[in-house]
Amino acid sequence: MSLARRERHALVKTMSEVGPDARTLCGDWTTRDLAAHLMVRERRVDAMPGIMIPALADHTEKVRRELTDRQWAHLLADIDSGPPKWSPLYLVDSVANATEMFVHHEDVRRGESGWEPRPLSVEDQDALWKYARAIGRTSYGGTDITVVFERPGGDRVTVRKRGPRTVVLRGEPSELLLHAFGRDEVRLERDGNEADIAELTGSRRGL
């Protein structure tokens, strides 16, 4: 079973446990809001473009809000079943949804107090290391800070080469990926000037 599929099932399980009104790390969204977003992303072709295109965002948000009225159990069942065959994401689920499901699973988990990072297999961390490096290259916009990712064991890569100021982010690939996607509820070591670290934290992170 792919990482995307396993994280999808785990996300649905966690959502079911915390309920539809639990907070997440997605701004003011509850788990119900997040579930509706996933439905739009995978099942509403008319509203999908607005997730990435600001000019179309109003329609996307309207559809998402409408979907929050669906029964909670039905929302979870549809998410758990994955993108239908007519969805643009059906054939690329294992690639397009690996980070989506992992990050949103952590959005739900870390929305609760007392969270701890999950132990992940070496294989999953290796996969997330690849994704973290890719997202890191497109993240941290609006700064001229060079960003270096370093994972336990010494693997180290410069994901963003800019000016002479450098910040090193050190931790598991899962934590580096979440940080690159704009999440602050992470366990990372940060090496660099405090002002540079603060600037990097406030930069444009994510896709």
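Please refer to the structure placed before this passage.
Now for a quick tour of the structure. Quick caveat: nothing in here was measured; it's all calculated off a predicted structure.

### A closer look at the sheet that holds strand β2 (residues 156–160)
Adjacent strands of a sheet form backbone hydrogen bonds with each other and so pair up, either parallel or antiparallel.
Right, so step 1: On the basis of which strands lie adjacent, the open sheet formed by 4 strands has the order β2-β1-β3-β4 and mixed pairing. Edge positions in the sheet fall to β2 and β4 (189–191), since each has one partner strand and no second. Neighbouring strand axes in the sheet, compared pairwise and without regard to direction, differ in orientation by 25° on average.
Right, so step 2: Pairing of strand β1 (residues 146–150) with strand β3 (residues 166–170) involves 5 bridges; the strand directions are parallel. Counterpart to V148 in the pairing with β3 is V168.
Right, so step 3: Its contacts with the sheet put helix α7 (residues 122–138) on β1 and β2, and the angle it makes with β2 is roughly 30°.
Right, so step 4: Across the face of the sheet, helix α9 (residues 194–201) comes into contact with β1, β3 and β4 while running at roughly 70° to β3.

### Observations concerning a nonpolar patch on the surface
Right, so step 1: Judged by side-chain polarity, I51, M52, I53, L56 and L207 come together as a nonpolar surface patch covering roughly 500 Å² of accessible area.
Right, so step 2: In this fold, M52 is placed in the loop between α2 (31–43) and α3 (57–67).

### Some points on the packing of α2 against helix α4 (residues 72–81)
Right, so step 1: Taken N-terminus to C-terminus, the directions of α2 and α4 make an angle of 45°; their axes are 10 Å apart at the nearest point. Classed by the angle they form, the pair α2 and α4 counts as oblique. Seen along the crossing, α2 lies across α4 with a hand that is left-handed. Contacts between α2 and α4 involve T31, R32, A35, L38, M39 and R43 from the former and W72, L75, D78, I79 and S81 from the latter.
Right, so step 2: Of the residues contributing to the contact of α2 with α4, the split by class is 6 nonpolar, 2 polar and 3 charged.

### Points about the environment of D196
Right, so step 1: Its place among the elements puts D196 in helix α9.
Right, so step 2: Those residues within four positions of D196 in sequence are excluded, and the remaining contacts are I145, R165 and V167.

### Thoughts on the nonpolar core
Right, so step 1: One finds Y140, V147, F149, L169, L176, L177 and L200 to be the most contacted residues of the largest nonpolar core, which totals 27 residues.
Right, so step 2: Elements represented by at least two residues in this core include exactly α1 (3–18), α6 (98–109), α7, β1, β2, β3, α8 (173–180) and α9.
Right, so step 3: Element by element, the count of residues in this core is highest for α7, at 5 residues.
Right, so step 4: The contacts of L176, once residues within four sequence positions are left out, are W129, A132, F149, E150, L169, R170, G171 and L188.
Right, so step 5: Counting residues in each nonpolar core, the second largest holds 19 residues, with V12, C26, M39 and V40 among its members.

### With respect to the pairing of β2
Right, so step 1: As defined by bridge partners, β1 adjoins β2 across 4 bridges and the pair is classed as antiparallel. Within the sheet, the bridge partner assigned to E150 lies in β2 and is R156.
Right, so step 2: The hairpin turn running from β1 into β2, its antiparallel successor, is 5 residues long, and G153 in that turn takes a positive phi close to 105°.

### A few points about the packing of aromatic side chains
Right, so step 1: One pass over the structure, following the stated rule, counts 1 aromatic pair.
Right, so step 2: An angle of 80° between the planes, with centres 6.3 Å apart, marks the rings of Y140 and F149 as edge-to-face.
Right, so step 3: On the basis of relative accessibility, which here comes to 0%, the residue Y140 falls in the buried class.
Right, so step 4: The exposure class of F149 is buried, given its relative accessible area of 0%.
Right, so step 5: When the ring centre of Y131 is taken as reference, the NZ or CZ atom of K130 above it lies at 5.1 Å.
Right, so step 6: Residue placement shows R187 over the ring face of W115; its charged tip is 4.6 Å from the ring centre.

What counts, and at which threshold
- Residue positions are given per chain, counting from 1 as you read along its sequence in written order.
- It should be noted that, the model being predicted, local features are given only for residues of pLDDT at least 70 and side-chain atom pairs only at 80 or more, the latter also being counted only at that level, while totals for whole chains, interfaces and linings use all residues.
- Excluding hydrogens and water, the side-chain figures rest on all heavy atoms present in the structure.
- Here, strands pair whenever DSSP counts at least two bridges between them.
- Secondary structure counts use DSSP, requiring at least four H or I residues in a row for a helix and at least two E residues in a row for a strand, with both numbered from the N terminus.
- Here an axis means a line fitted to C-alpha atoms, over the contact stretch when the element is a helix, while the angle between two N-to-C directions is reported on a 0 to 180 degree scale.
- Contact criterion: two residues are considered in contact whenever any of their non-hydrogen atoms come within 4.5 Å of each other.
- Excluding any residue in a salt bridge, patches collect residues exceeding 30% relative accessible area, merging like charges within 9 Å and nonpolar Val, Leu, Ile, Met, Phe, Trp and Tyr side chains within 5 Å.
- Per-residue and other accessible areas follow the Shrake-Rupley method at a 1.4 Å probe size, with only the shown protein chains counted as cover for residues.
- Any carboxyl oxygen of Asp or Glu that lies within 4 Å of a side-chain nitrogen of Lys or Arg is treated as forming a salt bridge with it.
- Angle categories are assigned with fixed cut-offs, so that under 35 degrees is roughly parallel, over 145 is roughly antiparallel, 65 to 115 is roughly perpendicular, and the rest are oblique.
- The sense of a crossing depends on the near helix, which, turned anticlockwise from the far helix by less than a right angle, makes the crossing left-handed and, turned clockwise, makes it right-handed.
- When residues are sorted by character, Ala, Val, Leu, Ile, Met, Phe, Trp, Tyr, Cys and Pro go into the nonpolar class, Asp, Glu, Lys and Arg into the charged class, and all the rest, Gly among them, into the polar class.
- We call a set of buried residues a nonpolar core when its members are Ala, Val, Leu, Ile, Met, Phe, Trp, Tyr or Cys and they connect through side-chain atoms within 4.5 Å of each other.
- Burial here depends on accessible area, computed with a 1.4 Å probe over protein chains only, as a share of the maximum for the residue type. Under 20% is buried, over 50% is exposed, and the range in between is partly exposed.
- Aromatic rings from Phe, Tyr and Trp, with only the six-membered ring used for Trp, were paired whenever their centres fell within 6.5 Å, and each pair was classed as stacked if the ring planes differed by under 30 degrees, edge-to-face if by over 60, and tilted otherwise.
- We call a charge positioned above a ring when the Lys NZ or Arg CZ atom is no farther than 6 Å from the ring centre and deviates by at most 35 degrees from the ring normal.

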